[in-house]
Amino acid sequence: MSTSPTPLSATFWEQLHGNAQKKFAAGNHKASEVLTTLEHLRIMCDSILSDDAAAEARKRKLSPLPFLKKAINEASVKAFLAMRDWNGPIHVTIRGNKDYRRYVQLRVKEAGPTTKRQAVGDPQRRIDAAIDSIPSPDERDIVRDQVEQGRQAIEQLSTMRDVVATVSGVDADRFEDGKLTKEGIREAFTGLNVDDAEALRGLLRLLTDNDFLQEFDLKYEFFRVKTVSYGQSAVISVNQMKVLARLAGFVLPSDDGPSDAAAPITP
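Residues numbered from 1 in each chain as written. Predicted model: local features only at pLDDT ≥ 70, side-chain atom pairs only at ≥ 80, totals over all residues. Heavy atoms only, no water.

**Some points on the side chain of Thr227**
Item 1. Position of Thr227 relative to the elements: it lies in strand β2 (residues 224-227).
Item 2. If near-sequence neighbours (up to four positions away) are discounted, Thr227 is found in contact with Asp217, Leu218, Gln232, Ser233 and Val235. (Helix = DSSP H or I, 4+ residues; strand = E, 2+ residues; numbered from the N terminus. Contact = heavy atoms within 4.5 Å.)

What follows is the structure in C-alpha coordinates.
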(Lines give C-alpha, C1' and ligand atoms only; values in the text may rest on other atoms or scores of the structure.)
Protein backbone atom coordinates (compact mmCIF):
# COMPACT_ATOMS: atom_id res chain seq x y z
CA MET A 1 0.00 0.00 0.00
CA SER A 2 1.58 3.29 -1.14
CA THR A 3 1.72 6.27 1.15
CA SER A 4 1.33 9.91 0.21
CA PRO A 5 4.62 11.79 -0.15
CA THR A 6 5.54 14.18 2.64
CA PRO A 7 4.54 17.74 1.69
CA LEU A 8 7.49 19.96 0.82
CA SER A 9 6.35 22.46 3.45
CA ALA A 10 6.59 19.82 6.19
CA THR A 11 10.11 18.85 5.08
CA PHE A 12 11.15 22.50 4.99
CA TRP A 13 9.65 23.15 8.44
CA GLU A 14 11.46 20.13 9.91
CA GLN A 15 14.71 21.44 8.44
CA LEU A 16 14.22 24.89 10.00
CA HIS A 17 13.14 23.37 13.30
CA GLY A 18 16.10 20.98 13.37
CA ASN A 19 18.58 23.79 12.69
CA ALA A 20 17.09 25.87 15.50
CA GLN A 21 17.24 22.90 17.89
CA LYS A 22 20.95 22.40 17.11
CA LYS A 23 21.67 26.07 17.78
CA PHE A 24 19.76 25.93 21.06
CA ALA A 25 21.64 22.81 22.13
CA ALA A 26 24.89 24.62 21.34
CA GLY A 27 23.98 27.36 23.82
CA ASN A 28 22.30 29.88 21.53
CA HIS A 29 19.35 30.84 23.71
CA LYS A 30 17.87 33.09 21.00
CA ALA A 31 17.12 29.91 19.09
CA SER A 32 14.35 29.19 21.60
CA GLU A 33 12.48 32.19 20.18
CA VAL A 34 12.87 30.72 16.69
CA LEU A 35 11.51 27.37 17.90
CA THR A 36 8.45 29.09 19.38
CA THR A 37 7.95 31.16 16.23
CA LEU A 38 8.14 28.09 13.99
CA GLU A 39 5.63 26.22 16.15
CA HIS A 40 3.24 29.17 16.15
CA LEU A 41 3.64 29.63 12.41
CA ARG A 42 2.82 25.99 11.71
CA ILE A 43 -0.27 26.07 13.92
CA MET A 44 -1.34 29.37 12.39
CA CYS A 45 -1.11 27.98 8.85
CA ASP A 46 -2.93 24.78 9.87
CA SER A 47 -5.80 26.78 11.33
CA ILE A 48 -6.15 29.71 8.90
CA LEU A 49 -5.80 27.62 5.72
CA SER A 50 -8.57 25.31 6.93
CA ASP A 51 -11.90 26.03 8.59
CA ASP A 52 -10.39 25.66 12.07
CA ALA A 53 -9.56 29.35 12.66
CA ALA A 54 -13.06 30.51 11.72
CA ALA A 55 -14.60 27.77 13.86
CA GLU A 56 -12.41 28.71 16.81
CA ALA A 57 -13.36 32.37 16.42
CA ARG A 58 -17.07 31.51 16.48
CA LYS A 59 -16.56 29.31 19.55
CA ARG A 60 -14.82 32.20 21.32
CA LYS A 61 -17.63 34.60 20.30
CA LEU A 62 -15.25 36.49 18.00
CA SER A 63 -15.70 37.56 14.39
CA PRO A 64 -14.72 34.83 11.89
CA LEU A 65 -14.48 37.35 9.02
CA PRO A 66 -10.64 37.60 8.95
CA PHE A 67 -10.46 33.85 8.37
CA LEU A 68 -13.19 33.27 5.79
CA LYS A 69 -10.87 33.75 2.80
CA LYS A 70 -8.47 31.14 4.23
CA ALA A 71 -5.59 33.48 3.39
CA ILE A 72 -2.43 34.32 5.31
CA ASN A 73 -2.53 38.11 5.30
CA GLU A 74 -2.18 41.00 7.72
CA ALA A 75 -5.80 40.84 8.90
CA SER A 76 -5.91 37.07 9.46
CA VAL A 77 -2.51 36.94 11.19
CA LYS A 78 -3.39 39.85 13.48
CA ALA A 79 -6.76 38.31 14.36
CA PHE A 80 -5.25 34.87 14.99
CA LEU A 81 -2.54 36.23 17.28
CA ALA A 82 -5.13 38.19 19.25
CA MET A 83 -7.39 35.14 19.48
CA ARG A 84 -4.56 32.95 20.81
CA ASP A 85 -3.02 35.77 22.89
CA TRP A 86 0.32 35.22 21.16
CA ASN A 87 2.97 37.88 20.61
CA GLY A 88 4.05 36.56 17.25
CA PRO A 89 5.00 35.98 14.58
CA ILE A 90 3.40 39.18 13.31
CA HIS A 91 2.78 39.65 9.61
CA VAL A 92 5.74 41.98 9.07
CA THR A 93 8.04 39.41 10.69
CA ILE A 94 6.78 36.70 8.34
CA ARG A 95 7.21 38.95 5.31
CA GLY A 96 10.67 40.07 6.36
CA ASN A 97 12.12 36.60 7.03
CA LYS A 98 12.86 34.60 3.88
CA ASP A 99 12.46 31.24 5.66
CA TYR A 100 9.12 32.07 7.27
CA ARG A 101 7.89 33.63 4.03
CA ARG A 102 8.96 30.57 2.05
CA TYR A 103 7.18 28.24 4.47
CA VAL A 104 3.93 30.20 4.19
CA GLN A 105 4.21 30.25 0.39
CA LEU A 106 4.60 26.47 0.35
CA ARG A 107 1.62 26.01 2.67
CA VAL A 108 -0.58 28.28 0.56
CA LYS A 109 0.44 26.49 -2.64
CA GLU A 110 -0.23 23.07 -1.11
CA ALA A 111 -3.62 24.20 0.22
CA GLY A 112 -4.72 24.93 -3.36
CA PRO A 113 -7.79 26.94 -4.35
CA THR A 114 -10.74 27.21 -1.98
CA THR A 115 -13.97 25.35 -2.67
CA LYS A 116 -15.59 28.59 -3.77
CA ARG A 117 -12.92 29.18 -6.38
CA GLN A 118 -13.09 25.61 -7.64
CA ALA A 119 -16.82 25.94 -8.23
CA VAL A 120 -16.33 28.92 -10.48
CA GLY A 121 -14.76 26.85 -13.24
CA ASP A 122 -12.28 27.95 -15.90
CA PRO A 123 -12.55 31.75 -16.32
CA GLN A 124 -10.59 31.73 -19.59
CA ARG A 125 -13.03 29.26 -21.16
CA ARG A 126 -15.98 31.50 -20.24
CA ILE A 127 -14.18 34.57 -21.59
CA ASP A 128 -13.42 32.83 -24.89
CA ALA A 129 -17.03 31.70 -25.20
CA ALA A 130 -18.29 35.22 -24.55
CA ILE A 131 -15.93 36.69 -27.17
CA ASP A 132 -16.89 34.03 -29.74
CA SER A 133 -20.53 35.02 -29.32
CA ILE A 134 -19.80 38.52 -30.69
CA PRO A 135 -21.11 38.58 -34.30
CA SER A 136 -18.55 40.97 -35.79
CA PRO A 137 -15.04 39.52 -36.40
CA ASP A 138 -13.52 43.00 -36.05
CA GLU A 139 -15.21 43.59 -32.73
CA ARG A 140 -14.11 40.13 -31.54
CA ASP A 141 -10.49 41.02 -32.36
CA ILE A 142 -10.79 44.32 -30.49
CA VAL A 143 -12.20 42.62 -27.40
CA ARG A 144 -9.56 39.88 -27.52
CA ASP A 145 -6.84 42.53 -27.73
CA GLN A 146 -8.26 44.39 -24.74
CA VAL A 147 -8.58 41.18 -22.72
CA GLU A 148 -4.96 40.27 -23.51
CA GLN A 149 -3.77 43.71 -22.43
CA GLY A 150 -5.68 43.28 -19.18
CA ARG A 151 -4.16 39.85 -18.62
CA GLN A 152 -0.65 41.22 -19.15
CA ALA A 153 -1.34 44.08 -16.75
CA ILE A 154 -2.48 41.60 -14.08
CA GLU A 155 0.68 39.53 -14.59
CA GLN A 156 2.84 42.64 -14.27
CA LEU A 157 1.01 43.67 -11.10
CA SER A 158 1.45 40.18 -9.67
CA THR A 159 5.18 40.27 -10.46
CA MET A 160 5.51 43.70 -8.86
CA ARG A 161 3.66 42.51 -5.77
CA ASP A 162 5.97 39.49 -5.45
CA VAL A 163 8.99 41.78 -5.61
CA VAL A 164 7.48 44.18 -3.07
CA ALA A 165 6.77 41.25 -0.76
CA THR A 166 10.52 40.62 -0.45
CA VAL A 167 11.11 44.10 0.99
CA SER A 168 11.24 43.92 4.76
CA GLY A 169 8.62 46.05 6.48
CA VAL A 170 6.42 46.51 3.40
CA ASP A 171 2.91 45.08 3.62
CA ALA A 172 2.17 43.88 0.09
CA ASP A 173 -1.34 42.75 1.06
CA ARG A 174 -2.38 46.41 1.04
CA PHE A 175 -2.13 46.21 -2.75
CA GLU A 176 -4.99 43.73 -2.88
CA ASP A 177 -8.71 44.33 -3.28
CA GLY A 178 -8.39 47.50 -5.38
CA LYS A 179 -6.11 49.31 -2.93
CA LEU A 180 -3.37 50.06 -5.47
CA THR A 181 -3.85 53.81 -5.17
CA LYS A 182 -1.33 56.56 -4.50
CA GLU A 183 -2.43 56.62 -0.86
CA GLY A 184 -2.41 52.83 -0.68
CA ILE A 185 1.15 52.62 -2.02
CA ARG A 186 2.34 55.24 0.47
CA GLU A 187 0.66 53.38 3.33
CA ALA A 188 2.14 50.04 2.27
CA PHE A 189 5.67 51.42 2.16
CA THR A 190 5.53 53.78 5.13
CA GLY A 191 2.76 52.48 7.40
CA LEU A 192 1.11 55.92 7.25
CA ASN A 193 -2.60 55.96 6.47
CA VAL A 194 -4.42 59.03 5.16
CA ASP A 195 -4.99 60.49 8.63
CA ASP A 196 -1.36 59.89 9.64
CA ALA A 197 -0.09 61.62 6.50
CA GLU A 198 -2.36 64.60 7.10
CA ALA A 199 -1.15 64.87 10.70
CA LEU A 200 2.45 64.84 9.47
CA ARG A 201 1.63 67.51 6.88
CA GLY A 202 0.18 69.63 9.68
CA LEU A 203 3.45 69.31 11.56
CA LEU A 204 5.42 70.32 8.47
CA ARG A 205 3.21 73.36 7.94
CA LEU A 206 4.18 74.50 11.43
CA LEU A 207 7.86 73.72 10.87
CA THR A 208 7.86 75.87 7.72
CA ASP A 209 5.82 78.74 9.20
CA ASN A 210 8.21 81.39 10.52
CA ASP A 211 5.39 83.32 12.21
CA PHE A 212 4.90 80.24 14.36
CA LEU A 213 8.58 79.37 14.77
CA GLN A 214 9.67 82.83 15.94
CA GLU A 215 7.84 82.24 19.21
CA PHE A 216 10.42 79.52 19.87
CA ASP A 217 13.43 81.46 18.57
CA LEU A 218 13.54 79.23 15.50
CA LYS A 219 13.52 79.91 11.78
CA TYR A 220 12.82 77.89 8.62
CA GLU A 221 15.37 78.67 5.92
CA PHE A 222 16.94 76.74 3.07
CA PHE A 223 14.89 73.60 3.80
CA ARG A 224 16.04 73.37 7.42
CA VAL A 225 14.84 74.58 10.81
CA LYS A 226 17.52 76.40 12.78
CA THR A 227 17.96 78.54 15.85
CA VAL A 228 17.99 82.34 15.57
CA SER A 229 19.92 83.51 18.63
CA TYR A 230 22.26 80.61 19.35
CA GLY A 231 24.65 80.33 16.45
CA GLN A 232 21.93 79.52 13.93
CA SER A 233 22.63 75.80 14.27
CA ALA A 234 20.24 73.41 12.52
CA VAL A 235 17.64 71.86 14.80
CA ILE A 236 16.14 69.82 11.96
CA SER A 237 18.50 69.17 9.04
CA VAL A 238 17.74 69.35 5.33
CA ASN A 239 17.77 65.56 5.01
CA GLN A 240 15.44 65.13 7.97
CA MET A 241 12.98 67.68 6.59
CA LYS A 242 13.03 66.06 3.15
CA VAL A 243 12.41 62.61 4.60
CA LEU A 244 9.40 63.90 6.55
CA ALA A 245 8.14 65.66 3.41
CA ARG A 246 8.40 62.51 1.31
CA LEU A 247 6.55 60.48 3.92
CA ALA A 248 3.76 63.05 4.13
CA GLY A 249 3.51 63.91 0.43
CA PHE A 250 4.39 67.52 1.19
CA VAL A 251 6.26 70.11 -0.89
CA LEU A 252 8.74 72.07 1.17
CA PRO A 253 8.78 75.79 0.33
CA SER A 254 11.93 76.88 -1.47
CA ASP A 255 12.34 80.04 0.62
CA ASP A 256 11.50 81.16 4.14
CA GLY A 257 7.96 82.14 3.25
CA PRO A 258 4.79 80.25 4.17
CA SER A 259 4.42 76.70 2.97
CA ASP A 260 2.46 75.86 -0.14
CA ALA A 261 0.23 73.55 1.87
CA ALA A 262 0.42 69.98 0.61
CA ALA A 263 1.05 69.38 -3.04
CA PRO A 264 1.48 65.59 -3.08
CA ILE A 265 4.68 63.78 -3.86
CA THR A 266 4.42 60.30 -5.34
CA PRO A 267 6.18 57.92 -2.98
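Next, the rest of the story.
**Thoughts on the packing of helix α1 (residues 8-25) against helix α6 (residues 98-111)**
Item 1. Packing of α1 against α6 brings their axes to within 9 Å, and their N-to-C directions diverge by 160 degrees. Overall, the two elements α1 and α6 adopt an arrangement that is roughly antiparallel. Where α1 crosses over α6, the two elements pack in a sense that is left-handed. Contacts between α1 and α6 involve Leu8, Ser9, Phe12, Trp13 and Leu16 from the former and Asp99, Arg102, Tyr103, Leu106, Arg107 and Glu110 from the latter. (Axes fitted to C-alpha atoms, helices over the stretch in contact; angles between N-to-C directions. Parallel < 35°, antiparallel > 145°, perpendicular 65-115°, else oblique. Left-handed = near helix turned anticlockwise from the far one by under 90°.)

**Some remarks on the side chain of His17**
Item 1. Structurally, His17 can be placed in helix α1.
Item 2. The residues touching His17, leaving out its near neighbours within four places in the chain, are Leu35 and Leu38.

**A closer look at the sheet that holds β2**
Item 1. The sheet built from three strands is open, its strands ordered β1-β2-β3 with antiparallel pairing. Each having just a single partner strand, β1 (218-221) and β3 (234-236) make up the two edges of the open sheet. Strand-to-strand twist across the sheet, computed as the mean angle between neighbouring axes with direction ignored, equals 40 degrees. (Pairing = 2+ DSSP bridges.)

**Digging into a negative patch on the surface**
Item 1. A surface patch of negative charge is lined by Asp138, Glu139, Asp141 and Asp145.
Item 2. As for its position among the elements, Glu139 is in helix α9 (residues 137-165). (Patch = residues over 30% accessible without salt bridge, like charges linked within 9 Å, V, L, I, M, F, W, Y side chains within 5 Å. Areas by Shrake-Rupley, 256 points an atom, 1.4 Å probe, with all protein chains shown as cover. Salt bridge = Lys/Arg side-chain N within 4 Å of Asp/Glu carboxyl O. Lys, Arg positive; Asp, Glu negative; His and termini not counted. Charge placed at Lys NZ, Arg CZ, Asp CG, Glu CD.)

**A closer look at the pairing of β1**
Item 1. For β1 and β2, the ladder comprises four bridges, and the chain directions are antiparallel. Bridge pairing in β2 places Glu221 opposite Arg224.
Item 2. In this antiparallel pair of consecutive strands, β1 and β2, the connection spans two residues, and Phe222 shows a positive phi of 55 degrees.

**Observations regarding the packing of aromatic side chains**
Item 1. Per the counting criterion, the structure on display carries three aromatic pairs.
Item 2. Ring geometry for Phe67 against Phe80: centres 6.4 Å apart, planes inclined by 90 degrees, an arrangement best described as edge-to-face. Placement of Phe67 in the loop between α3 (52-59) and α4 (74-84) and of Phe80 in helix α4 is noted, with a sequence separation of 13 residues between them. Of the two residues, Phe67 and Phe80, neither departs from the other in class, the shared state being buried.
Item 3. Summarising the aromatic geometry, the rings of Phe212 and Phe216 are spaced 5.2 Å apart at their centres and angled 55 degrees between planes, so their arrangement reads as tilted.
Item 4. On the basis of relative accessible area, Phe212 is assigned to the partly exposed category, the value being 32%. (Phe/Tyr/Trp six-rings, centres within 6.5 Å; stacked < 30°, edge-to-face > 60°. Buried < 20%, exposed > 50% of the residue type's maximum accessible area, 1.4 Å probe, protein only.)

**Digging into the pairing of β2**
Item 1. Relative to β3, β2 runs antiparallel, the two sharing two bridges. When the bridges of β3 are listed, Lys226 appears paired with Ala234.

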